[in-house]
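# A closer look at the structure
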Amino acid sequence: MSEYTATVTVRLKQGVLDPEAETTQRALERLGFELGDLRSADQFEIDLEAANADGATERVTEMTERLLANPTLHDYDITVEEQ
Amino acid sequence: MTVAVVQFGGSNCDRDTVQALETLGFDAELTWHADGLPADTSGIVLPGGFSYGDYLRAGAMAARSPIMDEVREAAGRGTPVLGICNGAQIGCEASLTPGAFTINRSARFQCEHVYLRVENDATPWTANYDEGAVVEFPIAHGEGRFEIGDDELAGLEADDRILFKYCDENGEITEAANPNGSKHNVAGVLGEAEHIAVMMPHPERVSLPELGSTAGRGVLRGFAQA
């Protein structure tokens, strides 16, 4: 068994309104910054033991599909690194 | 015959709902989630509140608590289930009903009265109203924007699974009358079967004369018809 850290990024699907990101963008613009667009995402870092990277990815994918992301709202990607 | 009102940590409309149901003659029981459903459960309310602090997404944690397996099984046997506000968010997170309720277009918590148009009066929850009727209910939510894929929404419309839409006082479905940016102004929907329903507005808060209106009683009376 090896130790892995998986990083799960959960972001809104294209076309789904992101009112918090819009508010944040407006606040940056009020501070005088110029920017084209701002998107927000949630990121989770999960430490776990697994036989190999594929095994770690499989378990984290299940965690993401069952809880961390809502398929109506979100897309996600997962990267796994050995510690 | 007992309508179980499921209490999660952070539910806060549970007692109001029990009182409203009892006023209408139902036997209603506060049911702590860890205790499971009462043996004689004949109806289930997932009440409003802020279960588990709305962590991750509103309703996400409660939707995955063990009692929801019992709720799903009961719903599968035909037991009527109504999710209100946080209960609606839980119902969608638990896939009892389609879509998701997410952050309001305003990015703010909104507590106000809204007008709703009855879209389909052939369900237990709306049979006490006329189709097209306009009713005034309160909302109180930060995550009430109904979001769903366009194809799935078209399917819901075609199958008459929309219960209520936000409208103006004349029953016109307009963007100005849409308090939270919900797709197609949807305020409440049916699950796969008509005895399963969720809605963001609060019928229990307009069910006692002392509260100034009893317009919401018709929804709760659905437990006698479902």
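Here is a short report on the structure shown in this document. (Residues numbered from 1 in each chain as written. Chains lettered and ligands numbered in written order. Predicted model: local features only at pLDDT ≥ 70, side-chain atom pairs only at ≥ 80, totals over all residues. Heavy atoms only, no water.)

### Section: the pairing of strand E10 (residues 186–190) of chain B
Note the cut-off: Relative accessible area decides the class of each residue, using a 1.4 Å probe on protein chains only: under 20% of the type maximum gives buried, over 50% gives exposed, and in between gives partly exposed. Secondary structure counts use DSSP, requiring at least four H or I residues in a row for a helix and at least two E residues in a row for a strand, with both numbered from the N terminus. Any two strands with at least two DSSP bridges between them are considered paired.
Most of E10(B) is tucked away: five of the five residues are buried. Linking E10(B) to strand E11 (residues 196–199) of chain B, which pair antiparallel, is a turn of five residues.

### Points about the layout of surface pockets
Operational definition: Points on a 1 Å grid, built from protein atoms alone, make a cavity when a 1.4 Å probe fits but cannot get out and make a pocket when they are open with protein on both sides within 12 Å along at least 5 of 7 lines; residues with an atom within 4 Å of a point are the lining residues. Grid points are joined across faces, edges and corners, and a volume is the space filled by probe spheres set on the points. Any residue that is not Ala, Val, Leu, Ile, Met, Phe, Trp, Tyr, Cys, Pro, Asp, Glu, Lys or Arg is counted as polar, Gly included; the first ten are nonpolar and the last four charged.
Of the pockets and cavities examined, the largest pocket occupies roughly 460 Å³. Lining the largest pocket are 28 residues, and of these Asp42(A), His74(A), Leu56(B), Arg57(B) and Ile103(B) lie nearest its centre. For the lining of the largest pocket, the secondary-structure elements that each account for two or more residues are strand E1 (2–12), helix H1 (19–30) and strand E2 (41–50) of chain A together with helix H4 (86–93) and strand E5 (100–102) of chain B. Of the residues in the lining of the largest pocket, the class split is 14 nonpolar, five polar and nine charged.

### Section: the packing of aromatic side chains
Residues and elements named next belong to chain B. For clarity, the cut-off: Working definition: rings of Phe, Tyr and Trp (its six-membered ring) pair if their centres are within 6.5 Å, and the pair is stacked with planes under 30 degrees apart, edge-to-face with planes over 60 apart, and tilted otherwise.
Following the criterion strictly, the structure yields seven aromatic pairs over all chains and no others. Here phenylalanine 26 and phenylalanine 223 contribute two aromatic rings whose centre-to-centre distance is 6.4 Å and whose plane-to-plane angle is 80°, an arrangement assigned as edge-to-face. Of this pair, phenylalanine 26 sits in the loop between helix H1 (14–23) and strand E2 (28–32) while phenylalanine 223 sits in helix H7 (residues 222–225), and the two are 197 residues apart along the sequence. Phenylalanine 223 sits in the buried class, given a relative accessible area of 2%.

### A short note on the interface of chain A and chain B
Bring the parts together and some accessible area is lost; that lost area is often taken as the interface size. What counts, and what does not: The contact criterion used throughout is that any non-hydrogen atoms of two residues lie within 4.5 Å. As a working definition, buried area equals the accessible area (1.4 Å probe) given up by two parts on being put together, with both sides summed. Put simply, a salt bridge is a Lys or Arg side-chain nitrogen that is within 4 Å of an Asp or Glu carboxyl oxygen. In protein, a polar contact requires one atom able to donate a hydrogen and another able to accept it; more generally it is a pair of N or O atoms within 3.5 Å, and residues adjacent in sequence count only if both atoms are side-chain atoms.
In this complex, chain A contributes 14 residues to the contact, which on the side of chain B involves 15 residues. Summing both sides of the interface, chain A and chain B together bury roughly 1200 Å²; the carbon and sulfur share of this comes to 65%. Taken as a group, Pro19(A), Leu67(A) and Thr72(A) account for 38% of the area that chain A buries against chain B, more than any other trio of residues on that side. For the pair chain A and chain B, the number of links is zero salt bridges. Our count for the contact surface shared by chain A and chain B stands at five residue pairs in polar contact (both at pLDDT 80 or more). The set of elements that each furnish at least two residues to the side of chain A that touches chain B consists of H1 and helix H2 (53–68) of chain A. When grouped by side-chain class, the residues that make up the side of chain A that touches chain B number eight nonpolar, four polar and two charged.

All we've got here are geometric facts, nothing functional implied.
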